[in-house]
Amino acid sequence: MSAAARGRALGLSLLNLSGKTLAIAKTMLVAALFGAGAQLDAFWVAYTLPLLLPSLLTTVITVAFVPRFMASLEGRDGPAAWAGANTFFTLVLLAGVLAAGLMWWQAGWLVARLAPGLSPAVHAEAVGLTRLLMPCIPLLTLSSVLSAVSHARERFLLPALEGLVTNVAVIMAALLLARSLGVRALVLGVLAGFVVQALLLCWGSRQELRESLRPAFAFRHPDFHAPLFHLLPLFVGSAGSILAGLVNQYFLSKSGEGAISAMAYASMFAFLPVEVFAQAVITTSYPAFGRHFARGENEGAARAFGEGLRFLLLLTLPAAVLLMLFAEPLVALLLERGAFTAEQTATTAAITQVLALGLVFRAAAFFHYRVLHAAVRPWLQVGIGLAGLATHLLLCQLWADAHGARGVAWATTLSMLQSALLSLLAALWILRWRWPRGLLPELGTLAIVAAGIAAAGGFLRPLAWPAAGAGRPLHAALALALAGLSALMGLALAHALRQPDLAWLRQRLWGTLRPGSPP
């Protein structure tokens, strides 16, 4: 991974971290207002449905369009040059509008099938909220198209602002309207955030909108039909990934009131490092993979893969260890107030610990998938993803009734492990088993650092937690301070072991603080 790519990844990580910090603030506010009860369950069910198609299209558009752009559109502008891409984008936007209408019409049927365990009152509330959220589909579809254009041009800033924009909008709506509108205030905040983000992306892509992006129906253009072989397996594979979330919702709806909300809170905590750090590494590495494979540079692709994987693990492995050790004081400090009880803290923390175990697996699998798609081997990811979905469904069937939400969390984590291992083997096969020299010792260094953090955290945690009664917030804050101390000890160990990405981060920080001075 080049210094420039690492710099972009670091910048995106900091931007994502800002957005996720706001997400935590939003979650704290939502927890205080609504706890983990039936009303919030209705919101989460409603929120899931309108995001299904946009989530699918975002992956399909970004992953399919970027390599194609790198190969055939780079340096070319104008509606004629972009006729194939414009045809694809036009059909995608029309699909978003059509899907919004169909899902509004069949909202009751969809909620009944995807969350059959809801009570009649919660079901009715979820249906109403789902219909209110339907404008999200065309808005997010437009944002997906414009984000893909930005990524292909290696402009990552505006697409990465989504977390900041939407979280600010939801927080403002909740503060101003929650007491009068209940969870419908959250819906209005979501809609407002998506509108603002779409406008920002339109502004950022104003040159392309002015010169190249137009409605088109050039179905015979090679830039339209050539990527279709890539799109179909990608669509199927992405649909399988989304189905895993629907499987969770199906079983959680039968696990009692508040189970869906508890899983939503736990997923936010457990997968926060993936969205903050891993996604930045994946996003900035992908264009490089596309360039190397387009030029037949397998050695360069293998080197980029090894460096990206090492950087990814440096950012996610310590986070996973700390989350497993300090999940309960984290949830207690951030959420346990207002309508959110100590019992809900224990439930959410138990799910978070299980999901944190899968954090690294999820990040690694997503990174490996980018190699498969950059090499135009999308059916490999389809097979791996569908195998993971089958495993996930089978384990949910076995464990959900007996273990509730925690059983669903274990099913999620173990299916992620399976996908990470299979996708690693597939990526190495594509790279012709080129394992970058020196990578194994460097991965061993990261394992030593993670073990050091676990040892330090395991020793320090009992000094502050568990706690009961009125002193819980203070003890939780002390426990998290000890988590920070454990992380610092891990950094010191990584520095002593000369971990290369940490050395680069130190040099970058020193250069920022003291320009012109040697690190």
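Before any of the text, the structure's been laid out above.
A brief structural summary. (Residues numbered from 1 in each chain as written. Predicted model: local features only at pLDDT ≥ 70, side-chain atom pairs only at ≥ 80, totals over all residues. Heavy atoms only, no water.)

1. Remarks on the environment of Val 382
Right, so step 1: With respect to the helices and strands, the residue Val 382 is situated in helix H19 (residues 378–430).
Right, so step 2: Taking relative accessible area as the criterion, Val 382 reaches 4% and is therefore assigned buried.
Right, so step 3: Considered as a pair, Val 382 and Tyr 369 are 13 residues apart in the sequence and their alpha carbons are 9.7 Å apart. (Helix = DSSP H or I, 4+ residues; strand = E, 2+ residues; numbered from the N terminus. Buried < 20%, exposed > 50% of the residue type's maximum accessible area, 1.4 Å probe, protein only.)

2. Quick notes on the packing of aromatic side chains
Right, so step 1: The full count for this structure, using the stated rule, is 7 aromatic pairs.
Right, so step 2: Ring plane angle 25 degrees and centroid distance 5.6 Å describe the contact between Phe 43 and Tyr 47, whose orientation is recorded as stacked. In this pair, Phe 43 and Tyr 47 both sit in helix H2 (residues 38–48), 4 residues apart, roughly one turn of the helix.
Right, so step 3: Classification of Phe 43 as buried rests on a relative accessible area of 5%.
Right, so step 4: A residue is classified by how much of its surface remains accessible, and Tyr 47, at 23% relative accessible area, is partly exposed.
Right, so step 5: Geometrically, the ring pair formed by Tyr 250 and Phe 251 is edge-to-face, given 5.3 Å between the ring centres and 85 degrees between the ring planes.
Right, so step 6: According to the relative accessible area criterion, Tyr 250 is partly exposed, its value standing at 31%. (Phe/Tyr/Trp six-rings, centres within 6.5 Å; stacked < 30°, edge-to-face > 60°.)

3. Some words on the side chain of Ser 205
Right, so step 1: Relative to the elements of secondary structure, Ser 205 occurs in the loop between helix H10 (184–204) and helix H11 (206–211).
Right, so step 2: Not counting residues up to four positions away in its chain, the partners in contact with Ser 205 are Leu 146, Ser 150 and Arg 155. (Contact = heavy atoms within 4.5 Å.)

4. A look at the pattern of salt bridges
Right, so step 1: All told, the structure shown has 2 salt bridges when counted by the stated rule.
Right, so step 2: With its nearest N and O atoms 2.8 Å apart, the salt bridge here joins Glu 336 to Arg 472. Of this pair, Glu 336 sits in the loop between helix H16 (298–335) and helix H17 (342–357) while Arg 472 sits in helix H21 (residues 472–496), and the two are 136 residues apart along the sequence.
Right, so step 3: Classification of Arg 472 by relative accessible area gives buried; the value is 11%. (Salt bridge = Lys/Arg side-chain N within 4 Å of Asp/Glu carboxyl O.)

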